[in-house]
Amino acid sequence: MHEQIQKRIESIITNLDQLPSIPDVAGRVINMVNDPELSFKSMADEISKDQAITTNILKLCNSAFFSKGKEITSVDRAIVTLGIKEVKDIVVIAATREVLNKAILGYDLQRGELWTHGLAVAILAKKIALAKNKKAVADVAFTGGIIHDVGKTVLALFVSNTFKEILSTVESKKITFNAAEREVMGYDHQEIGEKVLAKWKFPEVLKAMVRFHHDPALAPKEFLEMVSIVHIANVLCLMGGIGIGADGLYHELSDVAIKALGVTNKELEQFYSDLPVVLKQTKDML
Amino acid sequence: MNSLVNVGVSQVGFAAQPSVLRTILGSCVGICVYDRMKKTGSLAHILLPNNPGDGNPEKYADTAVPLMVQRLIKEGCKKEFMSAKLAGGAAMFKFNSNVALGQIGDRNVEEARKMLEKHGIPVVAEDIGGNAGRVIDFFLEDGRLKVKAGGEEKLYYKV
Ligand SMILES: [Fe+2]
Ligand SMILES: [Fe+2]
């Protein structure tokens, strides 16, 4: 263990200013959608306060993935046409792009690769949720997919200094890459991601999805299904090479997740086989 | 012009010297076929071994190989000058052996080998298996293959 590195990471996560920021509107909107009495108008007002993001949101509303055909020219129309949950996800995409759409050098990801990976995991996670009759939470699966690896943006710098050691720890101790991150640096990208989400004031379910996406077996029972969805979507995208970095496939495909969702071998292969479609939808969104 | 062509998941790329065909692989397999006389080749990024008949020949090893060979012959290449290299087919580090998809990398490699053999194209180099992702660059000027995995680079020159 590198105590020096562990201390530096510790000082970053205890000093909120050093963690990445996103526009406040995202945290507010994401918490709003849980309110059963939420009016379209109050959501539209909230979003419209941030003019910069509004332009971006309208562009995404009219992208091939979200568009319902008719051109959307205002946030009001977006909410009416696409619905509250869909617009919430669009807000999250617009708000997190700057933080996620950059090169993550320690993990050997070129600019855009982590961003594409997150969107692809989001789209596949939503597909899995729908296939497993979880329509009511398909939007949460999508949000979790976008941000699941946000911790990598903070940890990358330290991973580039310790990569060889992490990889040799994987091999000598037969542990997954993220477990080796913890061995070598004291923290893994899941824990850091959870801290980032706490700063953004994202809800517990999303924090759990980020915190346990490689370790569903450790997730609190109440969030196990959601964690499992993002876990499987992530593994399948990595197997398809989408956003695969220096950590490669040194991860686990968890049986706990497969069982929690009741995914059969056939379904798993079908989701994997859907990757070209998922990737096409991802590119339509970029 | 040494142009770089990115080949996406379940796509087949074709190019001649001095171009470079690139793809990024997990459990998928990159099948590189090269005609050393014409200095022309093809790179398939296949996702699965066998085509169930879904109209996506480029996605599967068993239909991508004949497609590559046909197209190369159309470009004036000859089977007798062709050779192949394989890369990819990695597996998750940990998975339950009951999960069939866990073996998909190996199955992809096997099917690719089988199809190449069927077409009489020798496989002259392989960089397969393990748990690392791979970025591969296939240089049409001499058919060499560069494989970047786990922070290290390897070169395969044999054609
Ligand atoms: Fe991750
Ligand atoms: Fe990921």
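As a reminder, the structure under discussion sits directly above these lines.
Residues numbered from 1 in each chain as written. Chains lettered and ligands numbered in written order. Predicted model: local features only at pLDDT ≥ 70, side-chain atom pairs only at ≥ 80, totals over all residues. Heavy atoms only, no water.

1. Overview of the coordination of the iron ion (ligand 1)
Think of it this way: four donors in a tetrahedron around the metal ideally sit 109.5 degrees apart, and six in an octahedron ideally sit 90 or 180 degrees apart.
All names here are of chain A.
Line of reasoning, step 1. Around the iron ion (ligand 1), the donor atoms from the protein are Asp149 (OD), His189 (NE2), His213 (NE2) and His214 (NE2), and they sit 2.2 Å away.
Line of reasoning, step 2. Bound by four donor atoms, the iron ion (ligand 1) shows angles of 87 to 178° at the metal and therefore irregular coordination geometry.
Line of reasoning, step 3. Mapping the donors of the iron ion (ligand 1) onto the primary sequence yields the spacing D-x39-H-x23-H-H.
Line of reasoning, step 4. Taken as an interatomic distance, the gap from the iron ion (ligand 1) to the iron ion (ligand 2) is 3.8 Å; Asp149 donates to each of them. Taken together, the residues span a long stretch of sequence, with His189 in helix α11 (residues 189-199) and His214 in the loop between α12 (204-211) and α13 (224-239) at a distance of 25 residues. Like His214, His189 is buried. (Donors = N, O, S within 2.8 Å, 3.2 Å for Na, K, Ca; no water. Tetrahedral: all angles 85-135°; square planar, octahedral: opposite > 155°, others 65-115°. Helix = DSSP H or I, 4+ residues; strand = E, 2+ residues; numbered from the N terminus. Buried < 20%, exposed > 50% of the residue type's maximum accessible area, 1.4 Å probe, protein only.)

2. Things to note about the sheet that holds strand β5 (residues 40-46) of chain B
All names here are of chain B.
Line of reasoning, step 1. Taken together, the five strands give an open sheet; going across it, the order is β2-β5-β4-β6-β8, and neighbouring strands pair in mixed fashion. With one partner strand each, in any of the chains shown, β2 (12-16) and β8 (123-128) form the two edges of the open sheet. For this sheet, the mean angle separating the axes of adjacent strands, direction not counted, is 15°.
Line of reasoning, step 2. Bridge analysis of strand β6 (residues 82-88) against β8 gives five bridges, and the strand direction is parallel. Residue pairing across strands places Gly88 opposite Ile128, the latter belonging to β8.
Line of reasoning, step 3. Seen against the sheet, helix α2 (residues 104-118) touches β4 (29-35), β5, β6 and β8 and runs at an angle of roughly 20° to β4. (Pairing = 2+ DSSP bridges. Axes fitted to C-alpha atoms, helices over the stretch in contact; angles between N-to-C directions. Contact = heavy atoms within 4.5 Å.)

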